[in-house]
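An overview of the molecular structure
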Amino acid sequence: MIVKTNNFVAYKNIIKMNLTYFFEELWKQYTEKTPSAQKIKTLFETEGNTVFNDHIAIRTFNDPRVNIDVLAKPFIALGYEFKEEYFFKAKKLYAKHFEHKSDPNAPKIFISELLLEEFSVELRDIVKGVLGTVDPKIFLEEDLILKGRIWSNPSFDIYQKLLSASEYAAWMYVNGFCSNHFTVDVNKLDTFENLPQVNDFLKENGFKMNISGGEIKGSPSQLLEQSSILADIVTVKFEENVKEITSCYYEFSYRYKNADGITFNGFIADSADKIFESTDMRQQNEQS
Ligand code: OOG
Ligand code: NI
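Residues numbered from 1 in each chain as written. Chains lettered and ligands numbered in written order. Predicted model: local features only at pLDDT ≥ 70, side-chain atom pairs only at ≥ 80, totals over all residues.

Some points on the packing of helix 7 (residues 156–165) against helix 8 (residues 167–175)
For the pair helix 7 and helix 8, interaxial distance at closest approach is 6 Å and the crossing angle is 150°. In terms of axis orientation, helix 7 runs roughly antiparallel to helix 8. For the pair helix 7 and helix 8, the contacting residues are I158, Y159, L162, L163 and A165 in the first and E167, A169, A170, Y173 and V174 in the second. Broken down by class, the residue content of the contact of helix 7 with helix 8 amounts to 9 nonpolar, no polar and 1 charged. (Axes fitted to C-alpha atoms, helices over the stretch in contact; angles between N-to-C directions. Helix = DSSP H or I, 4+ residues; strand = E, 2+ residues; numbered from the N terminus. Parallel < 35°, antiparallel > 145°, perpendicular 65-115°, else oblique. Contact = placed C-beta atoms within 7 Å. Nonpolar A, V, L, I, M, F, W, Y, C, P; charged D, E, K, R; others polar.)

What follows is the structure, encoded as structure tokens:
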């Protein structure tokens, strides 16, 4: 229940939930459609590691009903604050990252949004139309992020129209609100020293890597290296037929300290630009 006091919306239940419980719920929702993530986490644990989460990422549209600031609300209520913003010109995306004010071990949150005004009237009308079918009360619910696709079965025709303009838009239309990935903090693994070792282990175990922009994005001088597996494929019931579509993926990050000995906690836009492509069906098709 949301309690309104003047303009302030207090996220009462989320605060009661606490951070650990909220992330457990996000993990449950995510692994239901991303079984590879649970498999990999278990593999790491079997090797003798405890798996810590560096960050999660969330996608949305910049429509005021569901934009970044709407999806950030439960995290703000749980003690997070805005840190930095990122621009993705070609993909027509904007993103913000948030960090917890007092708990340095709390995962960082990366939320991006599709800049609707930069697309055709047709795409904008489709997205506004889809959001228009949703009971507006749902947009105000504090656990919106846990609700997945809040509109009814997608149409394959619309999916393809969106796909021709933006893979992100098409993915969002089918998947809705969720944690789009969790990220293994490779620095905290005990039996792996670096990202190449992790990637080799993943490939030995049959997982396909996102190789857009190279298997490893970023470099020690950028203070962040990242890799990810290609998103899992799930069966989606469209209005017209049933199709196999990408769901979510698992990411792996290795962070370096700057000259002052402070670990870099931000993101690198050029790397993120390629990480987004982990959900792109075209890479799946090329690699199979
Ligand atoms: C987010 C991609 C960017 C990172 O760590 O740079 C990202 C997404 O796929 O929604 O997560
Ligand atoms: Ni990420």
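As for the pairing of strand 6 (residues 108–114)
Where burial is concerned, most of strand 6 is hidden: 7 out of the 7 residues are buried. Burial along strand 6 is two-sided: K108, F110, S112 and L114 facing one way and I109, I111 and E113 facing the other are all buried. Pairing between strand 3 (residues 53–61) and strand 6: 7 bridges, direction parallel. By the bridge assignment, I58 is partnered in strand 6 with I111. Sheet analysis places strand 5 (residues 93–100) next to strand 6, joined by 6 bridges and oriented antiparallel. Bridge pairing in strand 6 links A95 to S112. (Buried ≥ 20, exposed ≤ 12 C-beta atoms within 10 Å, placed from the backbone. Pairing = 2+ DSSP bridges.)

Some words on the site of ligand 1
Contacts to ligand 1 come from A57, R59, F110, S112, N180, Q226, E251, F267, S271, A272, I275 and F276. Mapped onto the shell around ligand 1, the elements with two or more residues apiece are strand 3, strand 6 and helix 10 (269–275). Here the shell around ligand 1 takes 3 residues from helix 10, the largest share from any one element. Its residues assigned to classes, the shell around ligand 1 shows 6 nonpolar, 4 polar and 2 charged. (Near = placed C-beta within 6 Å.)

Some remarks on the nonpolar core
In this structure, L71, I111, Y173 and V186 are the most contacted members of the largest nonpolar core, which totals 62 residues. It is helix 8 that provides the largest number of residues to this core, a total of 7 residues. If sequence neighbours within four positions are ignored, I111 has contacts with I58, T60, I68, L71, A72, A95 and K96. (Core = buried A, V, L, I, M, F, W, Y, C linked by C-beta atoms within 7 Å.)

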